Amino acid sequence: MDCPICGSDEIEILNSKQKSSKKKLMEEYLLKCEDCGHVFKDIISLKKPRPYRLIISEQDKSHKTTIDLSPSDELKTGDVLLSELGQVEVTSIEIKDKRVNKAKLEDVDTIWASSIEIPARIGFSVDLHGEVDSYKVDLERDFEIAPGDIVKIDKHIVKVHVIKTQDRKLTSGFARANVIKRVYSKPVKFNNYDYDLTKDIFKKHKRKKHEGIY
Ligand SMILES: [Zn+2]
């Protein structure tokens, strides 16, 4: 918004009111140029929000829902939207069977997103010499786990040896739960521990080691 008289962009908003028609949402502004003092009106109009198909992935499943957005807006991957399942981050945008990173909403068919509110679900293996107690644990997404951590889980007190993330195996440093696939640990004979994950266990399996993936 520039002043129509002197062209300055130093504009003060004196007043604004919303109007809406069948298809558009209009914001009418009363403006004052700070340079020449000219007072004028301007109208910004947006197309009225309409529902878009939104697919939210969380852990192993996905939810189909819709979200109301203005076709006038632009959307890009990484944007955070407030859906009926809480905050989600846009991971992909689908237009006519193609996936893009950025688009004007007008053209968008489906929005793909992942939840950033739900906990991260990680695997946690306790190596029991020949058997493995394998857990699924739900953690805050920014919960940090480091190799060397002494952890209580279920009836075990264990030391974390290796952390497998989405793209590597860590034996030092740390990783946040949202990138961890699985933590490998071995029992230790300690009574103290850094933290207790027992209350976060979602599921437990017992497996013979030779059954493969654990
Ligand atoms: Zn002016």
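If you're wondering where the values come from, they're calculated on a predicted model, not measured in any experiment. (Residues numbered from 1 in each chain as written. Predicted model: local features only at pLDDT ≥ 70, side-chain atom pairs only at ≥ 80, totals over all residues. Heavy atoms only, no water.)

## Quick word on the layout of surface pockets
Moving on, step 1. Its boundaries defined by the atoms lining it, the largest pocket holds a volume of some 420 Å³.
Moving on, step 2. Around the largest pocket sit 21 residues that line it, and Gln59, Ala120, Arg121, Asn178 and Lys181 are the ones nearest its centre.
Moving on, step 3. Listing elements by their share of the lining of the largest pocket, those giving two or more residues are strand S4 (50–58), strand S11 (110–115), strand S12 (120–127) and strand S19 (180–187).
Moving on, step 4. By residue number, the principal contributor to the lining of the largest pocket is S12, which donates 4 residues.
Moving on, step 5. In terms of residue class, the lining of the largest pocket is made up of 7 nonpolar, 7 polar and 7 charged.
Moving on, step 6. In this structure, the lining of the largest pocket is formed jointly by two domains, domain 2 (50–115) and domain 3 (120–206), each of which donates at least three residues. (1 Å grid on protein atoms, 1.4 Å probe; cavity = no way out; pocket = protein on both sides within 12 Å on 5 of 7 lines; lining within 4 Å. Points joined across faces, edges and corners; volume = space filled by probe spheres on them. Helix = DSSP H or I, 4+ residues; strand = E, 2+ residues; numbered from the N terminus. Nonpolar A, V, L, I, M, F, W, Y, C, P; charged D, E, K, R; others polar. Domains from an automatic or database assignment.)

## Regarding the nonpolar core
Moving on, step 1. With 20 residues, the main nonpolar core has Phe124 and Ile145 as its most contacted residues.
Moving on, step 2. Broken down by secondary-structure element, the contributors of at least two residues to this core are S12, strand S13 (131–139), strand S15 (150–153), strand S16 (156–165) and S19.
Moving on, step 3. Examining the composition of this core, we find that 4 residues originate from one element, S12, more than from any other.
Moving on, step 4. In this view, phenylalanine 124 contacts Asp133, Ser134, Tyr135, Val137, Val151, Ile153, Val158, Val160, Arg182, Val183, Ser185 and Leu197; residues no more than four positions away in its chain are not counted.
Moving on, step 5. With 16 residues, the next largest nonpolar core counts Leu54, Ile67, Leu69 and Ile93 among its residues. (Core = buried A, V, L, I, M, F, W, Y, C linked by side-chain atoms within 4.5 Å. Buried < 20%, exposed > 50% of the residue type's maximum accessible area, 1.4 Å probe, protein only. Contact = heavy atoms within 4.5 Å.)

## Details of the coordination of the zinc ion
Ideal values for angles at a metal depend on the geometry: 109.5 degrees with four tetrahedral donors, 90 or 180 degrees with six octahedral donors.
Moving on, step 1. The coordination sphere of the zinc ion contains the protein donors Cys3 (SG), Cys6 (SG), Cys33 (SG) and Cys36 (SG), at a distance range of 2.3 to 2.4 Å.
Moving on, step 2. Classification of the site at the zinc ion as tetrahedral follows from its 4 donor atoms and the range of 103 to 119° in their angles at the metal.
Moving on, step 3. Taking relative accessible area as the criterion, cysteine 6 reaches 41% and is therefore assigned partly exposed. (Donors = N, O, S within 2.8 Å, 3.2 Å for Na, K, Ca; no water. Tetrahedral: all angles 85-135°; square planar, octahedral: opposite > 155°, others 65-115°.)

## A few points about the pattern of salt bridges
Moving on, step 1. Under the criterion given, the structure shown has 11 salt bridges.
Moving on, step 2. Its salt-bridge partner being lysine 41, residue glutamate 28 comes within 3.9 Å of it at the nearest N-O pair. Residue glutamate 28 is found in strand S2 (residues 24–33), and its partner lysine 41 is found in strand S3 (residues 39–47); the two are separated by 13 residues along the sequence.
Moving on, step 3. The residue aspartate 138 makes a salt bridge to arginine 121 at a minimum N-O spacing of 2.6 Å. Of the two residues, aspartate 138 is situated in strand S13 and arginine 121 in strand S12; the sequence distance between them amounts to 17 residues. (Salt bridge = Lys/Arg side-chain N within 4 Å of Asp/Glu carboxyl O.)

## Thoughts on unusual backbone geometry
Backbone geometry follows two general trends: most residues other than glycine have a negative phi, and most peptide bonds adopt the trans configuration.
Moving on, step 1. Within the chain, lysine 96 stands out as a residue other than glycine whose phi angle is a positive 45°.
Moving on, step 2. As for its position among the elements, lysine 96 is in the loop between strand S8 (86–95) and strand S9 (98–100).

## Looking at the domain arrangement of the protein chain
Moving on, step 1. Looking at the assigned domains, one finds that the protein chain contains domain 1 (11–46), domain 2 (50–115) and domain 3 (120–206).
Moving on, step 2. Its C-alpha centre places domain 2 at a distance of 33 Å from the equivalent point of domain 3.

## Notes on the environment of aspartate 138
Moving on, step 1. As a C-alpha pair, aspartate 138 and leucine 197 span 59 residues in sequence and 8.9 Å in three-dimensional space.
Moving on, step 2. Among the polar contacts made by the side chain of aspartate 138, one reaches the side chain of arginine 121 at a distance of 2.6 Å. (Polar contact = N/O pair within 3.5 Å; in protein donor to acceptor, adjacent residues only side chain to side chain.)

## Considering the sheet that holds strand S1 (residues 11–20)
Moving on, step 1. Strand order in the open sheet made by the 3 strands is S1-S2-S3, with antiparallel pairing throughout. Looking at the sheet topology across the chains shown, the edges are occupied by S1 and S3. When strand polarity is set aside, the average angle formed by the axes of neighbouring strands in this sheet is 20°.
Moving on, step 2. With 9 bridges joining them, S2 and S3 adopt antiparallel strand pairing. (Pairing = 2+ DSSP bridges. Axes fitted to C-alpha atoms, helices over the stretch in contact; angles between N-to-C directions.)

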